[in-house]
Amino acid sequence: MSPTNKPVVYSLWQTCPEPDHLTGTTGFQFDPDIGPDERFLAQLRTIDVHHGAYSSSNPYTELEVIGTPLTVAIREALSQLGFSKFTEGQDCFVATHSGDHLSPL
């Protein structure tokens, strides 16, 4: 929820006011003293618990991240969760789960 992302997140919430836990947009607390890649890594376990096999028989298979590039550390962490395809953009990426093991951590 950086000053740049907050209005976009609010706009997305208004566009789709009743998403389920797998299709919605999630904003996380912003700390300007922590880099965006570190913020993402700090939230990754929470994201996986809330949207993965722990929470659904139909867990998330794609993760779109806006606000940080795909770093080596992020790729490694996502790979450990079964994500194997990555599409990079400018300060964003999409990670797609291989589907091989959608079991809990």
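These lines cover the structure that appears in this document, whether it is placed above or below. (Residues numbered from 1 in each chain as written. Predicted model: local features only at pLDDT ≥ 70, side-chain atom pairs only at ≥ 80, totals over all residues. Heavy atoms only, no water.)

### Comments concerning the packing of aromatic side chains
Under the defined criterion, the tally for this structure stands at three aromatic pairs. Taken together, a centroid distance of 5.9 Å and an interplanar angle of 85° make the contact between Phe40 and Phe93 edge-to-face. Pair noted here: Phe40 is in helix H2 (residues 36-51) and Phe93 is in strand E3 (residues 92-97), with a separation of 53 residues, a long-range link. As far as the burial class goes, Phe40 and Phe93 line up, both buried. (Phe/Tyr/Trp six-rings, centres within 6.5 Å; stacked < 30°, edge-to-face > 60°. Helix = DSSP H or I, 4+ residues; strand = E, 2+ residues; numbered from the N terminus. Buried < 20%, exposed > 50% of the residue type's maximum accessible area, 1.4 Å probe, protein only.)

### What about helix H3 (residues 72-80)?
Those residues of H3 lying buried are Ile74, Ala77 and Leu78. End-on view of H3: buried residues confined to an arc of 95°, all on one side of the axis. Those residues of H3 that are exposed and aimed more than 90 degrees away from the buried face are Val72 and Gln80. Those residues of H3 that are buried are in contact with H2, strand E1 (62-66), strand E2 (83-89) and E3. Remark: Gly82 follows H3 within two positions and exhibits a positive phi of approximately 100°. (Arc of directions from axis to C-beta. Contact = heavy atoms within 4.5 Å.)

Read these as layout, nothing more, since geometry by itself doesn't imply function.
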